[in-house]
Amino acid sequence: MAHPKQLFTESLIVYFNETDTIDSNVFTIQDFANKKEQGWNAIYKQGAKPSNVQILNDTAFYPPLQILDLQTDPYIQHNHLVYGGSLETVRKDIQYGSFRAALKAANQWTGGTALSMMLRYNTSDSLDMDFMNMDDPANAAVSNLVNGEWPSVDYLTNFTILEDAGLKPWSSFISVRMDWNKTDVAFYIADNKTRAITKKDRTLPQAGQPLQLKTWSTGDDTWMEGPPSVNASHSRVAWVRAFFNSSTMTSAEHDAFDQRCANAAFCLTDDTTLRGSTSYSLASTLRWKDTPADKSIRQNAGIVAACCSSFGIFALLNVFFRRTPWEKLRPNKRNSGDTTDALRSYLRRSLYKKPATKVMSDSSSDLAQAQDKMSSGISTPSIQTPLPVYGAATPRSGYQTPVPPYERETLPPLPSLNGNYRSRNASAASLQYPPSSSQPIQTALDSDAGTKVFDEKDMAVLDRIEEAPPHDQSMQDHIRPEDPFADKHKLANPFNEKHSLGSVATLTEKGKEAVVKVTPLEAHAKSEAAAGILGVPVKPTPTKRIDYLAGLVAVACMGVTLHHFCQTFWPWVTNGYGPGAHYVEAEKWFEIFLGSYLLTQLWIGPFFLTATRFLSTNYLKNGNLEDIAKKELRRAPRLFVPIIITSLLEYFLISMDLNAALQYLPSVSYSTWPYVVQQPNFGVYLNNIIELLYLMPNAIPEIVSHYCIGVLWTVPVQLQFTYMVLTAAVLIRDIKNPWKRFGFYALMIVSSWYAKSWASCHWCGLVLSDLEATYKWRTYLGKRPLAYWTVIFFAFVGATCAPLASVFAQTWTFNTFENSLHPDFASGKPIMEVKSVYPGYNEPTLTIIAFSIGLQILVELSPLVQKFLSMKMILWLHPHIMTVYLTHGFVMWTWGAWCAIALSSAGVPYWAVLLVTLVTTYTLIFALATVLSPAIDVPTQALMRTLDRWTKDEPVPKRRTTAPFSKDIVVNRQCGDQAVGES
């Protein structure tokens, strides 16, 4: 017995030296060829052929020994299929037991294969013991795995350990054993326990499942490596003994078995004289199915959740239809009467300097009513704007414009705070327009006894009569001094094409007279002014954008995404090497012409250079430190709000296992580059996000393993070097001598390159910004054709020749040579003296710097390149580049992976798989970008406005919680109560 309390009802015992055939009642010889294989590094697919399973005399032993030989064939190039040998028990009801076998791994240096004894229901319910010979015999080991675990070193027993224990794994059989019950699992090698797991440690297998003996190889370099490339490898099995229970036995059958065998002697599992296998029913050959769980609780919970959700949806729809201002969404047809009324309202607000208040009514019906009544000369108290500043003083020529006829109507009585009414003609304005450079005001200190003024209470009532929209500061720019002798009829049609507005209004306050002169609105600004007066938001003047730089960023973004697409689905074209190519001859040429230029990793450099151009150019031109302050304040939230939104979205979507197809993709695309796993919990996600804020380049953030395509490693680079660029711009502007200035640039670029820092790219971008902002180099070179074409030539050479450094990289690579010149940070020695290695993807190279500088110069100086980058199709991408950059990996690794697997499994040629996957994936990426870009941009811009308000507005004065009472009302409350009690 495997355990004193364990009793097994079934057995399966086979000694292969005692039989010449495979008993078909015990084992099935498998024949299959997988169309896909699960595993992040599984680039070959499993298969099995009956001809690879044989019972023969093995002359490798002396004397020759009859054994079970399981053969593994070399891989097939065109479909990456590896045929092995596999036996599976006919019974599929094996549930709990003790399983033993004598195994011998394949010989050394025959290509990595695995000889496995396993119980397997599916990938998450299994037990495995694998004898792996590996490509290098020094790494050969035995694995002990539960429920599809990855074979980490903690679960491996190296062959050297077996050899130290006196065993000979390369030349003799090694006995292995797996004990499995409800509460624990144990693995043994030569009767030595190598691993033990309990249900407290992790979940254990529960399903009834078949026992398998097989050899296989998927080329996984983290597992068995391989596969054989020239000659087949051979693994051996001497015997197999299994004692187990059946998942088909009911409780009644177990009771009957106990009664029947109550007085019988039990056979020990260690008894080597036992032979044969127990009989079984047809039910034991069927795939196990779990007992259906009670679904009543889940159904009730689902009903409650559906009812609550329906109520919530109905409430939202009700609010949407009842509260949506449908009348505002309808197009309004306004005529000149609208603008007249609007202008008068604006004049009143400008003169009174009223803070922002609510609009009483701005519907189209009210405006139409105002137009009709105004045109007929009838005043309406609730709609017509009252004249802001007209007292009883006699107008003086040259200082006050006479009131137009339609405004000389008798105005309605003015309500006061006490509820009574009095005439408007007995009032005057009580506000003084503040002088400024953009709104000149002339004041006269002439006293006028006949002029009465409004007090503050009357002004409050006046404000309630007509509540104006928020004061538009931008409209004040249109108020300028003008000829006071303007035609008095011009006000009747202020937006007349031939006449402009000219009016002067006299304000009096405590005996002082102020004259405000309002100048005409320019023709191009009239519609904007009217829109602002009517409460319609006026669009600010758009910032001038350099289209070709925006186009360069869009092209660089697309270059990065295409590079990632090929890294995922077509790796040979981007790498020029790897486990295999789908079309060898064609892909060699594609790698030279497409992989070196269009599908290169070099596109990451222009991102950093262009970002530096946008950050530093304004300050280098005007020297305004406010520009530096704004960019330093806004850079982090501008980067992190989109990242938080997209990463949080991916956190939940990955937890839904939407990327399940990605683990099968390497067996179809032959790319081991894609890898993503879910964060263990939300705390890990928060830690990953916070790490991005403080991580110093060139470190790789942990989130790259939990985010589809690890593009977020560039975030610390952009954030940290933003502060460096802005600080450097302030420093550089104070170096007036050009020789010192550019000598400093050269020193910083070379030092950054030697330190393998991305600061080298940012310093190069700062140089280009300085050349444009300070030295106007385009104008300078435009007058000197020889110098211009010389610069263009060297830029063209840098941009076109740098990618070629990785084309002919079969035996020697420029990038490896260049990387060996840098220091090894652990030892301080040059890398060439330690170990020459190819630079990591997160490290800058000389080819990236040369390509980025050359391309940026071509973009800055070549009108042809600028015209291309300014195409509407390219500029359309610019508002969406952040969304595309952050989400393209998720689309490729979910939809793209599923699409490629489905088409390949259907037998579609891989060139068609690539084409369909490319078109559908990018269609989905652009569709997703059009939806997510506004959702990302709105909170980002809102946060930016909030930050601006926090930095510019005075904070609200601190006020005690107990105001207007003193703190004694709380602090001395207990003492006061005691005093009351004592009294």
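What counts as what
Residues numbered from 1 in each chain as written. Predicted model: local features only at pLDDT ≥ 70, side-chain atom pairs only at ≥ 80, totals over all residues. Heavy atoms only, no water. Helix = DSSP H or I, 4+ residues; strand = E, 2+ residues; numbered from the N terminus. Buried < 20%, exposed > 50% of the residue type's maximum accessible area, 1.4 Å probe, protein only. Contact = heavy atoms within 4.5 Å. Areas by Shrake-Rupley, 256 points an atom, 1.4 Å probe, with all protein chains shown as cover. Pairing = 2+ DSSP bridges. Axes fitted to C-alpha atoms, helices over the stretch in contact; angles between N-to-C directions. Parallel < 35°, antiparallel > 145°, perpendicular 65-115°, else oblique. Left-handed = near helix turned anticlockwise from the far one by under 90°. Nonpolar A, V, L, I, M, F, W, Y, C, P; charged D, E, K, R; others polar. Core = buried A, V, L, I, M, F, W, Y, C linked by side-chain atoms within 4.5 Å. pLDDT = per-residue confidence, 0-100. Salt bridge = Lys/Arg side-chain N within 4 Å of Asp/Glu carboxyl O. Lys, Arg positive; Asp, Glu negative; His and termini not counted. Patch = residues over 30% accessible without salt bridge, like charges linked within 9 Å, V, L, I, M, F, W, Y side chains within 5 Å. Expected span 1.5 Å × (residues − 1).

Colleague: Any chance you could break down the overall build of the protein for me, citing the residues and the numbers?
Modeller: Each helix and strand counted, the protein has 29 helices and 24 strands in total. When burial is assessed residue by residue, the protein has 47% of its 983 residues classed as buried. Restricting to contacts in the protein with at least 6 residues of sequence separation, those with at least 24 account for 75%. Total accessible area on the protein is roughly 50900 Å²; 60% of this is exposed by carbon and sulfur atoms.

Colleague: How would you summarise the sheet that holds strand β7 (residues 81–84) if you had to cite specific residues and measurements?
Modeller: Pairing between sheet strands relies on hydrogen bonds along the backbone, with the strands arranged either parallel or antiparallel. Taken together, three strands build an open sheet; the order of strands is β3-β4-β7 and the sheet is mixed. Strands with a single pairing partner mark the edges of an open sheet, and in this sheet they are β3 (32–33) and β7. With four bridges connecting them, strand β4 (residues 45–48) and β7 associate as parallel partners. What sits directly across from K45, in β7, is L81.

Colleague: Explain the packing of helix α12 (residues 604–622) against helix α18 (residues 759–773) to me, using residue names and the numbers behind them.
Modeller: One can describe the packing of α12 onto α18 by two numbers: an axis separation of 8 Å at closest approach and a directional angle of 40°. In this view, α12 runs oblique relative to α18, as classed from their interaxial angle. Here α12 and α18 pass one another in a crossing that is right-handed. Along the contact surface, α12 presents F608, L609, T612, R613, S616, T617, L620 and K621, while α18 presents C761, H762, G765, L766, L768, S769, D770, E772 and A773.

Colleague: Please provide a residue-by-residue account of the sheet that holds strand β13 (residues 156–158), values included.
Modeller: Strand order in the open sheet made by the seven strands is β2-β8-β17-β10-β11-β12-β13, with antiparallel pairing throughout. The outermost strands of the open sheet, each flanked by one partner alone, are β2 (27–29) and β13. Pairwise comparison of adjacent strand axes, ignoring direction, gives a mean angle of 20° for this sheet. Relative to strand β11 (residues 125–132), strand β10 (residues 114–122) is paired through eight bridges, and the arrangement is antiparallel. The partner of N122 across the bridge, within β11, is D125.

Colleague: Account for the environment of L602, naming residues and giving values.
Modeller: Structurally, L602 is set in the loop between α11 (584–595) and α12. C-alpha of L602 to C-alpha of T845: the two residues are 243 residues apart in sequence and 9.1 Å apart in space. The contacts of L602, once residues within four sequence positions are left out, are A802, P803, T847, I848, F851 and S852.

Colleague: If you had to explain the pairing of strand β5 (residues 53–58) to someone new, which residues and values would you point to?
Modeller: Note that β5 and strand β6 (residues 65–72) share six bridges and pair antiparallel. Bridging from a neighbouring strand, I55 pairs with L68 of β6. In sequence, β5 turns back onto β6 through a hairpin of six residues.

Colleague: Give me the packing of helix α15 (residues 682–694) against helix α16 (residues 714–733): which residues, what numbers.
Modeller: The description of two helices packed together rests on the angle between their axes and the distance between the axes. Remark: α15 packs on α16, axes separated minimally by 8 Å, with the N-to-C direction vectors making an angle of 35°. Facing α15, whose interface residues are L692, L693 and Y694, α16 presents P716, L719 and Q720. Taken together, the residues that form the contact of α15 with α16 break down as five nonpolar, one polar and no charged.

Colleague: Explain the nonpolar core residue by residue, including any values.
Modeller: In this structure, L712, W758 and L766 are the most contacted members of the largest nonpolar core, which totals 104 residues. No other element matches the 12 residues that helix α9 (residues 547–569) contributes to this core. Residues contacting L766, with those up to four places away along its chain left out, are T612, S616, L620, V725, A728, A729, I732 and Y745. Listed in part, the 43 residues of the second largest apolar core include F27, L87, L115 and L127.

Colleague: Let's hear about the confidence of the model for the protein: which residues, and what values?
Modeller: The predicted model of the protein averages 78 in pLDDT, with 75% of residues at 70 or higher. Strand β8 (residues 86–89) holds the highest mean pLDDT among the elements of the protein, 95, whereas strand β22 (residues 442–444) holds the lowest, 36. In the model, residues 353–543 has pLDDT below 50 throughout and makes 305 contacts with residues more than four positions away in sequence or in other chains. In this model residues 978–983 is a low-confidence stretch, pLDDT under 50, and it forms zero contacts with partners more than four residues away in sequence or in other chains.

Colleague: Describe the environment of L855, with residues and values.
Modeller: For L855, the location among the structural elements is in helix α23 (residues 846–861). The buried category is assigned to L855, whose relative accessible area is 14%. Along the primary structure L855 and I792 are separated by 63 residues, whereas in three dimensions their C-alpha atoms are 10.0 Å apart. Once residues within four sequence positions are removed from consideration, L855 is found in contact with L552, W603, P606 and A799.

Colleague: An account of unusual backbone geometry is needed here, citing residue identities and associated values.
Modeller: Trans is the common state for peptide bonds, and a negative phi is the common state for residues other than glycine. Of the consecutive residues P697 and N698, the connecting peptide bond is found in the cis state with omega at 10°. Mapped onto the elements, N698 comes out in the loop between α15 and α16. A cis amide bond, omega 5°, links A963 with the succeeding residue P964. Tracing the sequence through the fold places P964 in the loop between α27 (910–952) and α28 (968–971). For Y670, which is not glycine, the phi dihedral falls at a positive 65°. With respect to the secondary-structure elements, Y670 resides in the loop between α14 (666–669) and α15. Classification of Y670 as buried rests on a relative accessible area of 4%.

Colleague: Report on the pattern of salt bridges, specifying residues and quantitative values.
Modeller: All told, the structure shown has 17 salt bridges when counted by the stated rule. For E18, the salt bridge identified is with R275, shortest N-O distance 2.9 Å. Here R275 lies in the loop between α2 (251–260) and β19 (276–277) and E18 lies in the loop between β1 (10–15) and β2, a separation of 257 residues in the sequence. Residue classification places R275 among the partly exposed residues on the basis of a relative accessible area of 43%.

Colleague: I'd love a proper account of the side chain of E225, names of residues and values included.
Modeller: By the secondary structure assignment, E225 is in the loop between β17 (211–216) and β18 (233–246). Of the buried charged residues, E225 lacks a salt bridge, with K835 as the closest side chain of opposite charge at 14 Å. Here E225 is in contact with G112, M134, D135, D136, N139, S217, G219 and D220, once residues within four sequence places are set aside.

Colleague: Can you explain a nonpolar patch on the surface? Please cite residues and give values.
Modeller: On the surface, F652, F682, L686, I690, L693 and Y694 cluster together into a nonpolar patch covering about 600 Å² of accessible area. With five residues, α15 is the largest single contributor of residues to the nonpolar patch. Following the sequence through the fold, F652 ends up in helix α13 (residues 625–655). Using a relative accessible area of 44% as the deciding quantity, one classes F652 as partly exposed.

Colleague: Account for α9, naming residues and giving values.
Modeller: Between its first and last C-alpha atoms α9 spans 33 Å; for 23 residues at 1.5 Å apiece the expected length is 33 Å, and the two agree. Within α9, 20 of the 23 residues are buried, which leaves it mostly tucked inside the rest of the structure.

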